[in-house]
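Structure assessment
Each chain, written out:
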There are 2 protein chains.
Amino acid sequence: MTKFMDVHHGMEGITADQLHQAHQADLAIESAENVHFESAWADPESGTVYCLSEAPSADAVQRVHERAGHKADEIHAVPLSV
Amino acid sequence: MTKFMDVHHGMEGITADQLHQAHQADLAIESAENVHFESAWADPESGTVYCLSEAPSADAVQRVHERAGHKADEIHAVPLSV
């Protein structure tokens, strides 16, 4: 398992409720891919959302996001953290 | 105080030690700007580093990073999180 940071663009105006609902949609289906979405942070002004997950692969992260209706624009393995 | 996510590019090959040292360099001087760097995640392959902080402004985040010798390429306020 590796940590991944994925990034969504084009989310201008996202609200706290929308972020919460999107995260819940991921959590509801993530176990099928052995993924866990730990946290997400949103900048409504630039429309950027960052999601931190633990997963077996970037493809697994993307499959969960796609099925939940919000495909990521970038996914980076982040094996190093402090 | 607001949370900020900042991004550094061009860090290909960064090691765990280098990430740790860079983070320590931020922590050593952050209080002068009333900033706190909470976490950082690095992808040595694409050379991308993400830093999560709590700060009074994006400019304050950048001043700490600049004085520590690693200016950020992007800084986003992330007022929403889950």
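The paragraphs below set out a description of the structure included in this document. Computed from a predicted structure; not experimentally measured.

Focus on helix 1 (residues 16–29) of chain A
Since one α-helical turn is 3.6 residues long, residues separated by three or four positions face the same way. In this model helix 1 of chain A runs 21 Å from its N-terminal to its C-terminal C-alpha over 14 residues, within 8% of the 20 Å that 1.5 Å per residue would give. Buried within helix 1 of chain A are the following residues: Leu19, His23 and Asp26 of chain A. Seen end-on, helix 1 of chain A carries its buried residues on one side only, within an arc spanning 55 degrees. The outward face of helix 1 of chain A, more than 90 degrees from its buried face, is lined by the exposed residues Asp17, Gln21 and Ala28 of chain A. For helix 1 of chain A, the secondary structure elements touched by its buried residues are strand 2 (36–43), strand 3 (48–55) and helix 2 (58–67) of chain A together with strand 5 (80–81) of chain B.

Quick look at unusual backbone geometry
The phi dihedral of Asn34 of chain A is positive, around 60 degrees, even though this residue is not glycine. Structurally, the position occupied by Asn34 of chain A is in the loop between helix 1 and strand 2.

Concerning the relation of the copies chain B and chain A
The transform that puts chain B on chain A rotates by 180 degrees and translates by 0.0 Å along the axis, for an RMSD of 0.0 Å. Both chain copies can therefore be described as sitting about a two-fold axis. Using C-alpha coordinates, one finds that chain B approaches the rotation axis most closely at Tyr50 of chain B, a distance of 4.8 Å. The overlap is high: 100% of the interface residues of chain B also sit at the interface in chain A, so the same surface is used on both sides.

Quick notes on the pairing of strand 1 (residues 2–8) of chain A
All names here are of chain A. For strand 1, the buried fraction is high: five of the seven residues fall into the buried class. Bridge count for strand 1 against strand 3 is seven bridges, and the pairing is antiparallel. What sits directly across from Phe4, in strand 3, is Ser53. As defined by bridge partners, strand 1 adjoins strand 4 (residues 74–77) across four bridges and the pair is classed as antiparallel. Across the sheet, Met5 pairs through a bridge with His76, a residue of strand 4.

What about the interface of chain B and chain A?
Counting residues at the interface gives 28 residues for chain B and 28 residues for chain A. Here chain B and chain A share an interface that buries about 2,100 Å² over both sides, 72% of which is from carbon and sulfur atoms. When the buried surface of chain B facing chain A is broken down by residue, Trp41, Leu80 and Val82 of chain B rank first, second and third, together holding 36% of it. The biggest single contributor to the side of chain B that touches chain A is strand 2 (residues 36–43) of chain B, with six residues.

A word on the packing of aromatic side chains
All chains considered together, the criterion is met by two aromatic pairs over all chains. On the numbers, 5.6 Å between centres and 50 degrees between planes, the contact of Trp41 of chain A with Trp41 of chain B is tilted. Residue Trp41 of chain A is located in strand 2, and its partner Trp41 of chain B is located in strand 2; the two belong to separate chains. Summarising the aromatic geometry, the rings of Tyr50 of chain A and Tyr50 of chain B are spaced 6.0 Å apart at their centres and angled 70 degrees between planes, so their arrangement reads as edge-to-face. With one member in each of two chains, Tyr50 of chain A in strand 3 and Tyr50 of chain B in strand 3 (residues 48–55) form a pair that bridges those chains. Comparing Tyr50 of chain A with Tyr50 of chain B shows no difference in burial state: the two are buried.

Parameters and conventions
Residues numbered from 1 in each chain as written. Chains lettered and ligands numbered in written order. Predicted model: local features only at pLDDT ≥ 70, side-chain atom pairs only at ≥ 80, totals over all residues. Heavy atoms only, no water. Helix = DSSP H or I, 4+ residues; strand = E, 2+ residues; numbered from the N terminus. Expected span 1.5 Å × (residues − 1). Buried < 20%, exposed > 50% of the residue type's maximum accessible area, 1.4 Å probe, protein only. Arc of directions from axis to C-beta. Contact = heavy atoms within 4.5 Å. Least-squares fit on C-alpha atoms with pLDDT ≥ 70 in both. Pairing = 2+ DSSP bridges. Buried area = accessible area lost by both parts, 1.4 Å probe. Phe/Tyr/Trp six-rings, centres within 6.5 Å; stacked < 30°, edge-to-face > 60°.

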